2 protein chains.
Amino acid sequence: MKKNLTGAAKPAEWPVNPNAPTTPTVANPDTSAPRHGMATGRRIIGSGGSGDSGSLDEPIVTASPRKPARRRPSGRVTIADVALRAKVSPMTVSRALKSPSQVLPEARTRVEAAVAALGYVPSHAARTLASSRSRVVGVLVPSLSNAVFVETLAGIQDCLGPAGYQFLIGNTNYSPVTQTELLSTYLTHAPDGFLVTGIDESETIRQRLSAARVPVVHMYDLSQTPGEWSVGFSQQMAGFAITNYLLERGYRRPGFVAAQLDPRTMQRRAGFRRALREAGFDCDLEVLTSEPSNVGLGSKLLIQMLERAPDCDAIFCCNDDLALGALFECQRRGIRVPDDIAIAGFNDLPSSAWSTPSITTITTPRYEIGFQAAQLLLQILNGETPKKSRIDVGFTLTRREST
Amino acid sequence: MKKNLTGAAKPAEWPVNPNAPTTPTVANPDTSAPRHGMATGRRIIGSGGSGDSGSLDEPIVTASPRKPARRRPSGRVTIADVALRAKVSPMTVSRALKSPSQVLPEARTRVEAAVAALGYVPSHAARTLASSRSRVVGVLVPSLSNAVFVETLAGIQDCLGPAGYQFLIGNTNYSPVTQTELLSTYLTHAPDGFLVTGIDESETIRQRLSAARVPVVHMYDLSQTPGEWSVGFSQQMAGFAITNYLLERGYRRPGFVAAQLDPRTMQRRAGFRRALREAGFDCDLEVLTSEPSNVGLGSKLLIQMLERAPDCDAIFCCNDDLALGALFECQRRGIRVPDDIAIAGFNDLPSSAWSTPSITTITTPRYEIGFQAAQLLLQILNGETPKKSRIDVGFTLTRREST
DNA sequence: CTGAAAGCGCTTACAG
DNA sequence: CTGAAAGCGCTTACAG
């Protein structure tokens, strides 16, 4: 019989029930179900030489001897399985899942029942490949141990999560090299967009991104380049504002303490320097280290500052972790804050409002940055035209007891 | 001309160069490249009725009038483009990328050159679909604002990153419902495995996970169920140890302060209670709230505790954030630590070693938990048989100034 | 509203 | 070592 020679399974057996008894000793192993055209049992003429399950008497075009078809059993419940059970075509299952309103209620109900009964889980890979939309967004932050970026992540999640997006979260560790690597890697996932911290991609990666037509929104920095999307605030103005505040409070010998030394930290320093210069003061008191920032480091840097300039009467720490460490060290040494020395931080982390004394700092809208950057990206992805390509979310000077 | 009727592109135009001039006004829009069999230009007979680029005179089997073929131009550089340029088959490109040793050096070099010249980026979706291995691992943590889990993430990253895995990081917000939702969503990505915090999946999700044959490794808790993978330590023993230490130091009226009240917190409380009971003390001093934990909350809970029990001489806070807040509040009120009241925490966060006084706490190997859980998963994914299904990483009691 | 065909970009499983 | 065929599980783009 020609049909058996072709190795096609009997239509009634599509798809094969793994629990049903199989014919174990036939030479031709192709007793499994071809997955294409499963619902109707049709196969492409010439590709496998099978008949058509709808009209078994149809002439068979090619009947030349051929090798057994290969099988790749995945065990996964597919849209075809659901279709078979719901007695509709795979396309209708696809529609019932994506745009239920386009499907008649009866069909929809049957599909839903089949989905539940079979425990159907859609394949993200297949969807992405077929639709060329991944619903994935790559997010790059310089650190996760810094609460600042975790809150930004929350803002992103709250905006893009409800819209059905998933995230590839990458920690660049403040390294441009790692950032480039992550962008390359994430590009293989065909993300619909990127949300990145800072603006310092290499030329190569910039070209790759535009070649892949993946929109990129930059966070924390405000881009000067037209056509580049960015949401942030002026780090320099913030540094300027808090330094000015120290001067207004009467401090005459303020120092700058910083770690990590990423571009944003350096911009804060530029603000510090400008404030001193404009007020006619020296700006020689700076203790910097490229080490990653943490509380203990704040203690150490305070000691260095005091050894170098015993007359230093105020320090501006580039972030609150450092400020807290400095405060702890003052407590340890019996140095009164702010009477002997004032301490200012940056970011307004949760503990800064509660320490004794509480810490003067710049409150940054980091949740807002994430949310708005995500919103900007969402508009771009939806084909809308955002009003502004550059959103300044500002900052607030929060005066507390430490100054 | 039959060939034009079929709508097949001229072989020489495969693939179409987007910069080349196109014929703009032909009725048949199919001038784009069919992507299948591109390297050889062969098309399935009967499926589209085209000729064979290798032998143009071959007879065409079907020549019935048909609709123009559909195009789905993605613009993406594919393995076929690389193959064409490197003058090899797509399969050889695939091998040159995945297992270079199986390809002759000359071919490999040409492939590498073509990849670089074209800026080829592999498609993760296509790879996943074809290989049914996603190289993605789902990671579920209850919080990202808690530094504890961020360090666990770092351990996971350091173990699985070099092995070529990507992560879907989900924040359950301490909610079992959210955890279930995340697991469902992530399942569509066909992850090779899951790393989850705690052991409290619902029965439904447990079945779905085993149906999908995705291995799950539990972190922080130690599973009592045979066959379940877990890496953690006994939260109860840790709570017991630190409470015992307070008693040994001579404190006679210790209280327990906790927030969030997740299962692990409650296990710490069980340890606290057991220690008091075994030593013959009352264990009635507990201030609990389901609010999320933060420094400010620690201040508030300390106040509540002192109002309720002015004779309380030591508190065990379920985590260091709470302990730090309590310490700040004591400083504010002039309560001496540890002379008037002792404060103990849990986790040993960075600031606990630096505060004044420094805080006695349980040091937890959270990086280790992530790393070892990842390692366990890696073994399972590699088909190896791990020695133990349950890894106890232990904990350390770190004595400091606050007790 | 519903469905058949083709294709998304790779890899598996063979064959040579 | 290399390649042609088939298939992974969906969606797009048509047609009816």
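Structure shown above.
Residues numbered from 1 in each chain as written. Chains lettered and ligands numbered in written order. Predicted model: local features only at pLDDT ≥ 70, side-chain atom pairs only at ≥ 80, totals over all residues. Heavy atoms only, no water.

Draft legend 1. Quick look at the relation of the copies chain B and chain A. When chain B is brought onto chain A, the operation consists of a screw motion whose angular component is 180° and whose axial shift is 0.0 Å, with 0.0 Å RMSD remaining. Seen this way, the second copy is the image of the first under a two-fold rotation axis. Residues of chain B ranked by C-alpha distance from the rotation axis are headed by Ala-125 of chain B, positioned 2.2 Å from it. Of the interface residues in chain B, 100% have counterparts in chain A that sit at the interface too, so the contact is made through matching surfaces. (Least-squares fit on C-alpha atoms with pLDDT ≥ 70 in both. Contact = heavy atoms within 4.5 Å.)

Draft legend 2. Quick peek at the interface of chain B and chain A. With 43 residues of chain B at the interface, the matching set in chain A holds 43 residues. Taken over both partners, the interface formed by chain B and chain A buries close to 3500 Å², and the fraction arising from carbon and sulfur atoms is 68%. On the surface where chain B and chain A come into contact, there are 13 residue pairs in polar contact (both at pLDDT 80 or more). Only helix H5 (124-131), helix H6 (147-160), strand S2 (166-171), helix H7 (176-187), helix H11 (295-308) and helix H12 (320-333) of chain B provide two or more residues apiece to the side of chain B that touches chain A. Considering each element in turn, the side of chain B that touches chain A owes the most residues, 7 residues, to H5 of chain B. Classifying every residue of the side of chain B that touches chain A gives 22 nonpolar, 16 polar and 5 charged. (Buried area = accessible area lost by both parts, 1.4 Å probe. Polar contact = N/O pair within 3.5 Å; in protein donor to acceptor, adjacent residues only side chain to side chain. Helix = DSSP H or I, 4+ residues; strand = E, 2+ residues; numbered from the N terminus. Nonpolar A, V, L, I, M, F, W, Y, C, P; charged D, E, K, R; others polar.)

Draft legend 3. Quick look at the pattern of salt bridges. Within this structure, the stated rule accounts for 28 salt bridges over all chains. Between Arg-336 of chain A and Asp-339 of chain A there is a salt bridge, and its shortest N-O distance comes to 3.9 Å. Two residues, Arg-332 of chain B and Glu-329 of chain B, come together in a salt bridge whose shortest N-O distance is 2.6 Å. One end of the pair is Arg-332 of chain B and the other is Glu-329 of chain B, both in helix H12 and 3 residues apart, which spans about a single turn. The exposure class of Glu-329 of chain B is buried, given its relative accessible area of 7%. If you follow the salt bridges from partner to partner, you end up with Arg-253, Asp-284 and Asp-311 of chain A in one network. (Salt bridge = Lys/Arg side-chain N within 4 Å of Asp/Glu carboxyl O. Buried < 20%, exposed > 50% of the residue type's maximum accessible area, 1.4 Å probe, protein only.)

Draft legend 4. Examining the sheet that holds strand S5 (residues 229-232) of chain B more closely. Residue and element names in this part refer to chain B. With parallel pairing, 6 strands are arranged side by side in an open sheet as S2-S1-S3-S4-S5-S11. On the outer flanks of this sheet lie S2 and strand S11 (390-392), each paired with one strand and no other. With direction set aside, neighbouring strand axes in the sheet form an average angle of 15°. Alignment of strand S4 (residues 216-220) against S5, held across 4 bridges, turns out to be parallel. What sits directly across from Met-219, in S5, is Val-231. (Pairing = 2+ DSSP bridges. Axes fitted to C-alpha atoms, helices over the stretch in contact; angles between N-to-C directions.)

Draft legend 5. Just the environment of Phe-328 of chain B, in detail. Within the element layout of this structure, Phe-328 of chain B appears in helix H12. Judged by its relative accessible area of 0%, Phe-328 of chain B falls in the buried class. Placed 28 residues apart in sequence, Phe-328 of chain B and Thr-356 of chain B show a C-alpha to C-alpha distance of 9.6 Å. Apart from the residues within four sequence positions on either side, Phe-328 of chain B is in contact with Leu-324, Phe-328, Ser-351, Trp-354, Ser-355 and Thr-356 of chain A together with Val-295 of chain B.

Draft legend 6. Broad picture of the sheet that holds strand S6 (residues 254-258) of chain A. All names here are of chain A. Ordered by their spatial adjacency, 4 strands build an open sheet running S7-S6-S8-S9, and the pairing between neighbours is parallel. Of all the strands in the sheet, just strand S7 (286-288) and strand S9 (342-344) have a single pairing partner and so form its edges. Neighbour-to-neighbour, the strand axes of the sheet open up by a mean angle of 15°, direction not taken into account. Pairing between S6 and S7: 3 bridges, direction parallel. When the sheet's bridge partners are listed, Ala-258 is paired in S7 with Leu-288. Against the sheet, helix H10 (residues 263-279) contacts S6, S7 and strand S8 (314-317), and its axis sits at roughly 175° relative to S6. Across the sheet, helix H12 (residues 320-333) lies against S6, S8 and S9, angled at about 160° from S9, the strand it touches most.

Draft legend 7. Region of interest: the side chain of Asp-313 of chain B. Residue and element names in this part refer to chain B. Positionally, Asp-313 belongs in the loop between H11 and strand S8 (314-317). Here Asp-313 occupies a buried position and makes no salt bridge, while the nearest side chain of opposite charge, Arg-252, is found at 6.9 Å. Residues contacting Asp-313, with those up to four places away along its chain left out, are Tyr-251, Arg-252, Arg-253, Pro-254, Asp-340, Ile-341 and Ala-342. (Lys, Arg positive; Asp, Glu negative; His and termini not counted.)

Draft legend 8. Just helix H10 (residues 263-278) of chain B, in detail. Residues and elements named next belong to chain B. Look at H10: 22 Å from first C-alpha to last across 16 residues, which is about the 22 Å you get at 1.5 Å a residue. Within the sequence span of H10, burial applies to Arg-264, Thr-265, Arg-268, Arg-269, Gly-271, Phe-272, Ala-275 and Leu-276. Around the axis of H10, the buried residues are gathered within 155° of arc, so they sit on the same side. Exposed side of H10, more than 90 degrees from the buried face: Arg-277 and Glu-278 are the residues found there. (Expected span 1.5 Å × (residues − 1). Arc of directions from axis to C-beta.)

Draft legend 9. Summary view of the nonpolar core. Counting 146 residues, the largest nonpolar core has Leu-160, Leu-195 and Ile-315 of chain A together with Leu-160, Leu-195 and Ile-315 of chain B as its most contacted members. Other than its neighbours up to four places away in sequence, Leu-195 of chain A contacts Val-137, Gly-138, Val-139, Leu-140, Ile-156, Leu-160, Val-217, Met-219, Ala-373, Ala-374 and Leu-377 of chain A. (Core = buried A, V, L, I, M, F, W, Y, C linked by side-chain atoms within 4.5 Å.)

Draft legend 10. Inspection of the pairing of strand S3 (residues 193-197) of chain B at higher detail. Residues and elements named next belong to chain B. Counted residue by residue, S3 has 5 buried out of 5 residues, so it is predominantly covered. The two faces of S3 match: Gly-193, Leu-195 and Thr-197 on one face and Phe-194 and Val-196 on the other face are all buried. Pairing analysis gives 4 bridges linking strand S1 (residues 136-141) to S3, with the strands arranged parallel. Of the residues in S3, the one forming a bridge with Val-137 is Gly-193.

Draft legend 11. Examining helix H7 (residues 176-187) of chain A more closely. Residue and element names in this part refer to chain A. For H7, spanning 12 residues, the distance from its first C-alpha to its last is 16 Å, which sits close to the expected 16 Å at 1.5 Å a residue. Buried residues of H7: Gln-179, Leu-182, Leu-183, Tyr-186 and Leu-187, and no others. When H7 is viewed along its axis, its buried side chains cluster within an angular range of 130° and face the same direction.

Draft legend 12. Broad picture of the packing of H7 of chain A against helix H8 (residues 203-211) of chain A. Residue and element names in this part refer to chain A. Contact geometry of H7 with H8 gives a least axis separation of 10 Å together with a crossing angle of 20°. Comparing the axis directions of H7 and H8 gives the class roughly parallel. The way H7 lies across H8 gives a crossing that is left-handed. On H8, the residues that touch Thr-180, Leu-183, Ser-184 and Leu-187 of H7 are Ile-205, Arg-208 and Leu-209. (Parallel < 35°, antiparallel > 145°, perpendicular 65-115°, else oblique. Left-handed = near helix turned anticlockwise from the far one by under 90°.)

Draft legend 13. Structural context of the environment of Ile-341 of chain A. Residue and element names in this part refer to chain A. Assignment of secondary structure puts Ile-341 in the loop between H12 and S9. For Ile-341, a relative accessible area of 2% gives the class buried. Each C-alpha atom of the pair Ile-341 and Ala-314 lies 5.1 Å from the other, and the pair is 27 residues apart in sequence. With residues up to four places along the chain from it excluded, the contact list for Ile-341 reads Leu-302, Leu-306, Cys-312, Asp-313, Ala-314, Ile-315, Cys-330, Ile-335, Arg-336 and Ser-402.

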